[in-house]
Amino acid sequence: MQVLNNIESLHHYLGRLPSNARVALVPTMGNLHAGHLSLVDKAKALADVVLVSIFVNPIQFAPGEDFDRYPRTEAEDIKKLTDAGVQAVFLPTVEVLYPDGIEGGTRVMASRPLAEMLCGASRPGHFDGVVTVVAKLFNLIQPDLAVFGEKDFQQLVIIRRMVADLNFPVEIISVPTVREPDGLAMSSRNSYLNAEERARAAMLYSCLRQVGEQVEQGARDMAALEASAEQRLRDSGFVPDYFRILDADTLAPLHDGSRRAVILAAAYLGHTRLIDNLVVSLPA
Ligand code: PAJ
C-alpha cells in the first residue's frame, strides 16, 4: 500500500494509474474501526482503486472541542488498510492541506438551514469545515465515487447537497451503520467512555428502535414521541442534545408525501457526545 503524505506524491501516484481506472475515495479522520472498513469494502466492490484519506480536519472542530485529544493511531490504521487490500492512503499534515493556516482561508458554505440544525446547532461552523475539506479532497483526488457512512446522517445529506449544488462529478455512495454487538454505533469517540458509561451507551440505539417501531406502526404525534424519548434518555443518565423525527431524504419535517423517516439523536454521556440515527419506511 502506498502511503502518500503530500500533494506531490499524491499526484505522482494518481498520474500513474491507468486512465480508465475507476477511483473510489473513502475520507476518514483515522482511528479506523469496522465501520470505516465497511466503507472500504463497499469502495473495493465498486472501484478498481481505493484511496483512503486520514486527516483530522482542524476546521471542523470548534474551539474547546476534542481536536487535540482526537485519537490518532496512524500505525494501526495503516496496518488495517494494508490488510484490507487498499491501494493507497493519503495522510497529509495540517500544513499540507492548509499551507496558509486555518484562519482567513476560503470556505465552502454548507447548505442552510441543513447546516444549522441538529448537530449544526450545537457545533456552529462544523459542517462548513466538513464540506470544505471534502471539496478539497475531491479537487485533489478527482475520484469517480466517494463512500460515506449513514452513521453521520446529517453529514451525508449535506455532502450530497454540496455535490449537487456545486456540480462535483463524484458519485456519493452510502453505507449502513456498523454496530457493536449491543447495538452501540461504532465510533472513534466511544473510546472516551468509561466502563460504566459504555455499559449504558447502547440505550441510545434502543431508544431509536422503540420510536422507530412506533413510527412504523403509524404513530404521528412526532413532538410527543420526541419528548418522551428525550425523557427516557434523561432517566438513563444521558443529557440529550436533540431527538428528532424527520423526512429522511430532506431532513424537513415529515409530510404526507414522506416515504422514509429518519430518527436522529445526539446525547451526552458524561463528557462524550454520542450521535446515532435510524431510518424507517413509512406506511404508504
Ligand atoms: P470519521 O468520523 O472518521 O468518519 C469517516 C467515515 O466513516 C464517515 O463517512 C462516517 O460516516 C463513517 N463511519 C463512522 N462510523 C461508522 C459506523 N459505525 N458505520 C458506518 N460508517 C461509519 O466523518 C468524518 O470522519 C469526517 O467528518 C470527514 C467526512 C472525513 C471529513 O473530515
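Residues numbered from 1 in each chain as written. Predicted model: local features only at pLDDT ≥ 70, side-chain atom pairs only at ≥ 80, totals over all residues. Heavy atoms only, no water.

Some points on the site of the ligand
Put simply, the rule is: Whether a residue is near a molecule or strand depends on its heavy atoms: if one lies within 4 Å, it is near. N or O atoms within 3.5 Å of each other form a polar contact, as long as, within protein, one can give a hydrogen and the other can take it, and as long as residues adjacent in sequence are counted only when both atoms are side-chain atoms. Where accessible areas are quoted, they stem from the Shrake-Rupley method and a 1.4 Å probe; at the residue level, only the protein chains shown are allowed to cover. The helix and strand labels rest on DSSP assignments: H or I over at least four residues marks a helix, E over at least two residues marks a strand, and numbering proceeds from the N terminus. For this scheme, ten residues count as nonpolar: Ala, Val, Leu, Ile, Met, Phe, Trp, Tyr, Cys and Pro. Four count as charged, namely Asp, Glu, Lys and Arg, and the remainder, Gly too, count as polar.
Taken together, the neighbourhood of the ligand is formed by 19 residues, with Gln 60, Gly 149, Asp 152, Gln 155 and Val 178 sitting nearest. One of the backbone N or O atoms of Met 29 is found 2.9 Å from an oxygen atom in the ligand. Within the side chain of His 36, a nitrogen or oxygen atom sits 3.1 Å from an oxygen atom of the ligand. Contact with the protein chains removes 95% of the 630 Å² of surface that the ligand exposes when unbound. Among the secondary structure elements, those contributing two or more residues to the shell around the ligand are strand E2 (23-28), helix H2 (34-46), helix H6 (126-141) and strand E5 (145-149). It is H2 that contributes the most residues to the shell around the ligand, three residues altogether. Split into classes, the residues belonging to the shell around the ligand amount to nine nonpolar, eight polar and two charged.

Focus: the side chain of Asp 66
Inclusion rule: It only takes one pair of heavy atoms within 4.5 Å for two residues to be counted as in contact.
Within the secondary structure, Asp 66 sits in the loop between strand E3 (49-54) and helix H3 (74-83). Discounting chain neighbours no more than four positions away, the residues touching Asp 66 are Phe 61, Arg 189 and Tyr 192.

Examining the sheet that holds strand E7 (residues 239-247)
Inclusion rule: Here, any two strands with at least 2 DSSP bridges between them count as paired. Note on geometry: axes are lines fitted to C-alpha atoms, helical ones only across the stretch in contact, with angles between N-to-C directions running from 0 to 180 degrees.
Sheet architecture is open: three strands sit in the order E7-E8-E9, paired in antiparallel fashion. If you trace the sheet from one side to the other, it starts and ends with E7 and strand E9 (272-281), each paired once. Across the sheet, the mean angle from the axis of one strand to that of its neighbour is 10°, orientation sign disregarded. Bridge analysis of strand E8 (residues 260-269) against E9 gives 10 bridges, and the strand direction is antiparallel. Within the sheet, the bridge partner assigned to Ala 266 lies in E9 and is Ile 275.

Brief notes about the pairing of E5
Defined as follows: Relative accessibility thresholds used throughout: buried, under 20% of the residue-type maximum; exposed, over 50%; partly exposed, between the two (1.4 Å probe, protein chains only). Here is how to tell: hold the view so the strands point away, follow the path from the first strand over the helix to the second, and if it runs clockwise the crossover is right-handed.
For E5, the buried fraction is high: five of the five residues fall into the buried class. Residues Leu 145, Val 147 and Gly 149 of E5 are buried on one face, and the alternating residues Ala 146 and Phe 148, pointing to the opposite face, are buried as well. Relative to E5, E2 is paired through two bridges, and the arrangement is parallel. Bridge assignment links Leu 25 to a residue of E5, and that residue is Ala 146. Both E5 and strand E6 (residues 171-175) contribute to a ladder of five bridges, which runs parallel. Directly across from Ala 146, in E6, lies its bridge partner Ile 172. Between the parallel elements E5 and E6, the chain passes through helix H7 (residues 153-165) in a crossover that is right-handed.

Brief notes about the state of the cysteines
Note the cut-off: Cysteine sulfur pairs qualify as disulfides if the two atoms are within 2.5 Å.
Tallying each qualifying case throughout the model produces zero disulfides. As a non-bridged cysteine, Cys 119 has Cys 207 as the owner of its nearest cysteine sulfur, 16 Å distant.

Digging into the sheet that holds E6
Spatial ordering of the open sheet is given by E1-E4-E3-E2-E5-E6, a layout of six strands whose pairing is parallel. The open sheet is flanked by strand E1 (2-4) and E6, the only strands paired with a single partner. Between one strand axis and the next, the sheet turns through 25° on average, direction left out of account. Here H7 sits on the sheet in contact with E5 and E6, set at roughly 170° to E6.

So, helix H9 (residues 203-216)
Condition: Under the convention used throughout, the expected extent of a helix is 1.5 Å for every residue step, that is, one less than its residue count. Read the arc as the range of directions from the helix axis to the C-beta atoms.
With 14 residues, H9 extends 20 Å from end C-alpha to end C-alpha; this agrees with the ideal 20 Å at 1.5 Å per step. Along H9, the positions that sit buried rather than exposed are Leu 204, Tyr 205, Cys 207, Leu 208, Val 211, Gly 212 and Val 215. All buried residues of H9 project into a common sector of 155° when viewed along the axis, lining one side. Phi turns positive, to about 105°, at Gly 218, one or two residues after H9.

Notes on unusual backbone geometry
The linkage connecting Arg 112 with the following residue, Pro 113, adopts the cis geometry, with an omega of 0°. Positive phi, close to 50°, is recorded for Gln 142, a residue that is not glycine. Summarising the element assignment, Gln 142 is placed in the loop between H6 and E5. One non-glycine residue, Asn 167, adopts positive backbone phi at about 55°. The topology assignment puts Asn 167 in the loop between H7 and E6. For Asn 167, a relative accessible area of 62% puts it in the exposed group.

Thoughts on the domain arrangement of the protein chain
Filter applied, for reference: Where each domain starts and ends comes from a domain assignment, either automatic or drawn from a database. Think of a salt bridge as a Lys or Arg side-chain nitrogen and an Asp or Glu carboxyl oxygen that are within 4 Å of each other.
Splitting the protein chain by domain gives domain 1 (2-175) and domain 2 (188-278). Distance between the C-alpha centres of domain 1 and domain 2: 26 Å. Put simply, domain 1 and domain 2 have one salt bridge between them. Two residues, Asp 66 and Arg 189, come together in a salt bridge whose shortest N-O distance is 2.7 Å. Across the contact surface, domain 1 and domain 2 share eight residue pairs in polar contact (both at pLDDT 80 or more). Counting residues per element, the ones that place at least two in the side of domain 1 that touches domain 2 are helix H5 (119-122) and H7. In terms of residues, the side of domain 1 that touches domain 2 owes the most to one element, H7, which gives three residues. Of the residues belonging to the side of domain 1 that touches domain 2, the class tally is nine nonpolar, six polar and six charged.

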